[in-house]
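The primary structure of each chain is shown beneath.
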Amino acid sequence: MIRAGSNAVAILAGPRGLLPANDITSAADQIAALAPFFDAGFYASWYGITADPVRDYLVQGWRAGRDPRADFASADYLAARPYLARAGINPFLHALARRRRRGDRSGQAAGHPLPPRDTAEVERLARRLVDGPFYRAGNPDLAEAGVDPVDHYMASGWREGREPAPQFDVLTYCLTRGITYATQNPLMHYVLHGGPARPDPAEALALRVEILAPWFDAAHYRRGLDEAQAEALAGASDAALLRHYVEGGWRALVSPRPDFDPAGFVQARAGSRAVRDDPFFRYVAEAKLTGQTPFAEPHRLNLPAVDADWYRATYPDVGAMQPYLHFAGVGWRELRDPGPGRSTLAALLRVCGLRPARAPLEDTGWLGAIGEPADRAAVLDLQARLVAGHFDHAFYRARYGLSAEADAVRDYCDAGWRKGRNPRPDFDGQAYLDAHAGVRETGLAPFVHRLATALLHGTDISAGAFHPGYGAPDSKAAALAEEARLIEPHFDAAFYAKRNPDAAGAPGGPLAHFVAYGQHEGRDPSGTFSIAFYTETYGHLFAPGESPFLHYVRTGRAAGLMAAPEDLGTYPPMTAPDPHDWDGLPRALPIAEARVVVIVPVYKGRGETLRALHACLSAPQATPFTLLAVNDRSPDPQLTADLAALAARGLFHLVENPHPAPSPSTWSRCSHGCASSPPTSSPG
């Protein structure tokens with residue numbers, strides 16, 4: 001047996017020359033010669049071979065293109081000496097013997113197995129370690145630009161901390177080797193120093209725990225866990241929670257601290273550097289390796305993830321731009337939402353209030369709260385608080401016919417603005433929408449958007465300090481034009497002109513005459529509407545100054561009120577109310593506390609049923625009442641589901657009858673004195 005090391009190389013490189021790598025008689029000697037210079041850490045990292053790696057390389061590894069160490073390329077060596085492959089001689093062993101012979105001739109010992117590498121040679125060796133397909137897949141921006149992945153990494157990718165190959169963990173390598181990718185190419189450093197490209201799993205886990213511990217908020221992480229995980233970790237210490245996160249909890253993208261949204265971080269990198277590992281560790285490690293303090297950057301934006309499909313559908317002007325990039329660039333500044341159930345405006349008002357110390361456009365710590373769920377009722381409450389100090393209640397009620405009991409501010413913020421209503425005489429909502437593209441798509445009332453935008457820029461919006469007017473001031477002519485717009489679809493001009501010859505030649509025609517004079521003089525607008533009947537029957541519902549026909553157009557028609565004693569007209573199509581129409585309705589009283597219980601038997605007719613229930617619940621009531629819907633085993637599954645969902649919201653009580661048609665057992669559930677209405681559509 002030949003002793004390992006340079007003596008073994010010398011003997012193998014004797015007069016007879018090197019033997020083929022597959023020579024059985026000399027295999028042990030060849031392994032002994034290679035072993036001192038073989039980098040087992042490199043071989044394990046790059047090829048995953050840990051069992052007898054020197055033998056693997058000697059016998060078959062070099063033929064498969066594997067290298068014995070980071071600074072030796074078997075393929076390049078063989079390409080320069082093709083006779084070695086034909087003779088079956090291992091290239092690295094040949095290089096060692098050649099180096100030994102040169103050392104002997106010069107009288108110097110061969111302390112290093114390979115000649116010194118200059119910078120160009122180190123760069124060439126590093127290039128071979130870049131995995132082109134892997135690099136291109138992890139950096140989508142390169143594919144679009146048509147850039148060669150190896151050239152890109154060696155030119156600039158390393159300075160950005162990009163991963164060159166699946167075997168090489170840049171962040172961990174830099175942290176454990178005491179270098180930074182900001183100033184030194186990690187792959188070239190690796191060529192010169194070799195060893196494992198990444199630590200073993202236990203060491204990697206310990207490193208991540210150490211790096212993340214100062215920045216991990218265990219209480220916040222616990223609150224974000226799903227029910228099953230929260231129960232399993234109920235008694236876990238802060239250290240145990242951190243370990244849970246590092247060992248794999250990060251895969252669920254649960255936020256590890258209030259000002260870091262992992263899903264948003266992943267989306268932010270999706271167009272350039274795909275995040276394949278824990279985004280929290282990547283962010284903290286990158287900050288440390290580039291000389292920054294994590295979470296202390298002055299212009300850092302902690303943005304939530306964006307629902308790309310929803311965002312494109314809601315905001316068509318995004319075009320071909322990546323939704324996350326649009327939201328991160330201008331979307332949040334325009335008060336757009338990143339997805340359904342998440343409100344930028346709600347986060348702004350909830351965190352910053354109405355008088356923030358600094359402009360929220362600059363002090364962006366509140367952005368992390370956008371990712372928190374926000375229900376519509378809560379958002380409307382916040383909008384109402386924002387608007388209340390600048391809202392002209394008297395103007396709004398008189399102009400749009402609201403009763404004294406109705407909440408004028410919520411009416412405007414919820415649906416009034418969509419009907420063209422303005423919150424004060426000096427604010428023209430339509431003019432604001434025309435001048436600010438994209439505001440309508442946000443779902444925010446124009447007046448809300450104007451005030452919130454001013455708040456975002458740090459303007460003092462308190463009453464007296466800020467004038468929110470916009471557009472031309474309101475006028476009597478504008479009020480009449482608004483009424484004409486609402487009335488026109490239901491007005492019969494030919495009937496009115498024939499019945500009222502004096503109006504035929506009036507300026508503006510019959511409609512203008514009716515709006516300005518006729519409706520206040522008791523003249524009927526069509527053959528199917530009686531002003532006298534409607535006033536006598538429903539006059540108690542009118543708002544101050546509201547004409548009968550205007551009330552019918554605004555409210556009565558949709559509620560199914562009769563237009564004439566003979567009901568000469570036809571009811572409008574009974575479509576179900578929009579989902580947001582149910583928001584803001586009062587919760588039902590317990591049956592025991594109601595003076596009147598309104599019973600509505602239901603069988604089928606989804607539109608009619610839901611419209612009737614909504615009309616009952618939304619109409620002003622002086623007597624405490626509650627509503628009881630009785631589902632007589634409706635054959636309409638959608639109606640059944642809607643009833644259950646609305647009842648679950650506490651809007652009314654629901655009885656599910658096991659048999660169709662009202663049964664004595666059903667009616668007996670109501671206390672004495674209950675009022676009832678006929679079935680919305682009786683069976684059979």
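Q: I tried to follow the overall build of the protein on my own but got confused; where do I start?
A: From N to C terminus, the protein includes 37 helices and 4 strands. Scored against the burial criterion, the 684 residues of the protein give a buried share of 48%. The contacts of the protein with a sequence gap of at least 6 include a subset with a gap of at least 24, amounting to 65%. For the protein, the exposed area adds up to about 32400 Å²; of that, 54% sits on carbon and sulfur atoms.

Q: Hey, could you run me through helix α32 (residues 509–516) in this one?
A: Structurally, the α-helix is built with 3.6 residues per turn, so residues lying three or four positions apart point the same way. In terms of residue burial, α32 counts as a mostly covered element, since 6 of its 8 residues are buried. The set of residues buried in α32 consists of G509, P510, L511, H513, F514 and V515. Lining the buried residues of α32 we find α29 (476–487), α30 (493–499), α31 (501–504), α33 (531–538) and α34 (548–559).

Q: For this particular structure, what's the right way to read the packing of aromatic side chains?
A: Ring pairs (aromatic) are described by centroid distance and by the angle formed between their planes. In total, this model carries 51 aromatic pairs according to the counting rule given. Seen in terms of ring centroids, F72 and Y77 are 5.4 Å apart; in terms of plane orientation they differ by 45°. Their pairing is tilted. Taking the relative accessible area as the measure of exposure, F72 reaches 3% and is therefore buried. Centre to centre, the rings of F427 and F447 are 4.9 Å apart; their planes meet at 65°, and the pair counts as edge-to-face. Here F447 lies in helix α28 (residues 446–456) and F427 lies in the loop between α25 (408–414) and α26 (429–435), a separation of 20 residues in the sequence. Taking the relative accessible area as the measure of exposure, F447 reaches 0% and is therefore buried. Here the aromatic cluster, defined as three or more aromatic residues joined through ring pairs, consists of F38, F42, Y43, W46, Y47, Y57, F168, Y173 and Y190. The aromatic ring of Y315 is capped on one face by R336, whose charged end is 4.9 Å from the ring centroid.

Q: Got a minute to help me understand the pattern of salt bridges in this structure?
A: Opposite charge on two side chains allows them to pair when their charged atoms are near. Under the defined criterion, the tally for this structure stands at 31 salt bridges. Between R69 and D71 there is a salt bridge, with its nearest N and O atoms 2.6 Å apart. With relative accessibility at 8%, the residue D71 sits in the buried group. E163 is the partner of R282 in a salt bridge, and the nearest nitrogen-oxygen pair spans 2.7 Å. You can see R282 sitting in helix α19 (residues 279–289) and its partner E163 sitting in the loop between α11 (149–155) and α12 (170–177), a full 119 residues away along the chain. With respect to class, R282 is no different from E163; both count as buried.

Q: I would appreciate a short explanation of helix α8 (residues 119–127) in the present structure.
A: Within α8 the residues assigned to the buried category are V122, L125 and A126. Seen along its axis, α8 keeps its buried residues to an arc of 100°; they face one direction. Its buried side turned inward, α8 meets α11 and α13 (186–193).

Q: Explain the environment of R273 here, please?
A: Among the structural elements, R273 can be located in the loop between α18 (262–269) and α19. For R273, a relative accessible area of 23% gives the class partly exposed. In contact with R273, other than residues within four places in its own chain, are G138, N139, E160, R162 and E286.

Q: Help me out: how do you make sense of the pairing of strand β3 (residues 653–656) in this one?
A: If a strand is regular, its side chains alternate between the two faces of the sheet. As judged from the 4 bridges shared by strand β2 (residues 625–631) and β3, these two strands associate in the parallel manner. Within β3, the residue paired with L628 across the bridge is H653. As a crossover connection, the stretch from β2 through helix α36 (residues 637–648) into β3 is right-handed.

Q: What should I look at first to understand the confidence of the model for the protein in this one?
A: When pLDDT drops low, the exact placement of atoms in the prediction is not to be read closely. Model confidence for the protein is summarised by a mean pLDDT of 86, while 90% of its residues fall at 70 or above. The least confident element of the protein, judged by mean pLDDT, is helix α37 (residues 664–667) at 43; the most confident is helix α17 (residues 238–247) at 96. Predicted confidence for residues 1–6 stays below pLDDT 50, and this span has 15 contacts to residues more than four positions away or in other chains. Low confidence marks residues 662–684, where pLDDT is under 50. Its contacts with residues over four positions away, or in another chain, come to 35 contacts.

Q: Help me understand the packing of helix α35 (residues 606–618) against α36, please; the structure alone is not making it clear to me.
A: Helix packing geometry: the angle between the two helix axes and the distance between the axes. Put simply, α35 and α36 touch, their axes get as near as 10 Å, and they point 20° apart. Viewed along their axes, α35 and α36 adopt a mutual orientation that is roughly parallel. For the pair α35 and α36, the sense of crossing is right-handed. On α36, the residues touching R606, T609, L610 and L613 of α35 are Q638, L639, D642, L643 and L646. In terms of residue class, the contact of α35 with α36 is made up of 5 nonpolar, 2 polar and 2 charged.

Q: Sorry if this is basic, but what is going on with the side chain of R269 here?
A: Looking at the element boundaries, R269 is found in helix α18. Taking the relative accessible area as the measure of exposure, R269 reaches 12% and is therefore buried. Here R269 is in contact with A274, V275, R282 and E286, once residues within four sequence places are set aside.

Q: Honestly, unusual backbone geometry in this entry has me stumped. Any pointers?
A: With the exception of glycine, the majority of residues adopt a negative phi angle, and the majority of peptide bonds are in the trans configuration. In the Ramachandran plot, F295 falls in the positive-phi region, its phi being about 65° despite a non-glycine side chain. Position of F295 relative to the elements: it lies in the loop between α19 and α20 (308–314). Even without being a glycine, L335 presents a positive backbone phi close to 65°. Topologically, L335 is positioned in the loop between α21 (323–331) and α22 (344–352). Under the relative-accessibility criterion, L335 is labelled buried at 1%.

Q: Whenever I open this one, the pairing of β2 confuses me. Can you help?
A: The element β2 is extensively covered by neighbouring structure, given that 7 of its 7 residues are classed as buried. Burial along β2 is two-sided: the residues F625, L627, A629 and N631 and T626, L628 and V630 are all buried. Summarising the sheet, strand β1 (residues 596–602) and β2 pair through 7 bridges and their orientation is parallel. Following the sheet pairing, P601 is matched in β2 by V630. The parallel pair β1 and β2, bridged by α35, forms a crossover whose chirality is right-handed.

Q: Even after reading the chapter, I still don't get the nonpolar core, so can you show me in this structure?
A: Inside soluble globular proteins, nonpolar side chains tend to come together where they are buried. Ranked by size, the top nonpolar core spans 54 residues in total, and within it W46 and Y190 carry the most contacts. With 6 residues, the top contributor of residues to this core is α19. Contact partners of Y190, with chain neighbours within four places excluded, come to F42, S45, W46, A70, L129, F168, Y173, R177, G195, P196 and A197.

Q: Honestly, the environment of G61 in this entry has me stumped. Any pointers?
A: Turning to its location among the elements, G61 is positioned in helix α4 (residues 53–61). The exposure class assigned to G61 is buried, which follows from its relative accessible area of 0%. Separated by 14 residues in the primary sequence, G61 and Y47 have C-alpha atoms spaced 9.7 Å apart. Residue contacts for G61: discarding those within four places in its chain leaves Y43, D56 and R66.

Cut-offs applied
Residues numbered from 1 in each chain as written. Predicted model: local features only at pLDDT ≥ 70, side-chain atom pairs only at ≥ 80, totals over all residues. Heavy atoms only, no water. Helix = DSSP H or I, 4+ residues; strand = E, 2+ residues; numbered from the N terminus. Buried < 20%, exposed > 50% of the residue type's maximum accessible area, 1.4 Å probe, protein only. Contact = heavy atoms within 4.5 Å. Areas by Shrake-Rupley, 256 points an atom, 1.4 Å probe, with all protein chains shown as cover. Phe/Tyr/Trp six-rings, centres within 6.5 Å; stacked < 30°, edge-to-face > 60°. Lys NZ or Arg CZ within 6 Å of the ring centre and 35° of its normal. Salt bridge = Lys/Arg side-chain N within 4 Å of Asp/Glu carboxyl O. Arc of directions from axis to C-beta. Pairing = 2+ DSSP bridges. Right-handed = clockwise from strand over helix to strand, strands pointing away. pLDDT = per-residue confidence, 0-100. Axes fitted to C-alpha atoms, helices over the stretch in contact; angles between N-to-C directions. Parallel < 35°, antiparallel > 145°, perpendicular 65-115°, else oblique. Left-handed = near helix turned anticlockwise from the far one by under 90°. Nonpolar A, V, L, I, M, F, W, Y, C, P; charged D, E, K, R; others polar. Core = buried A, V, L, I, M, F, W, Y, C linked by side-chain atoms within 4.5 Å.

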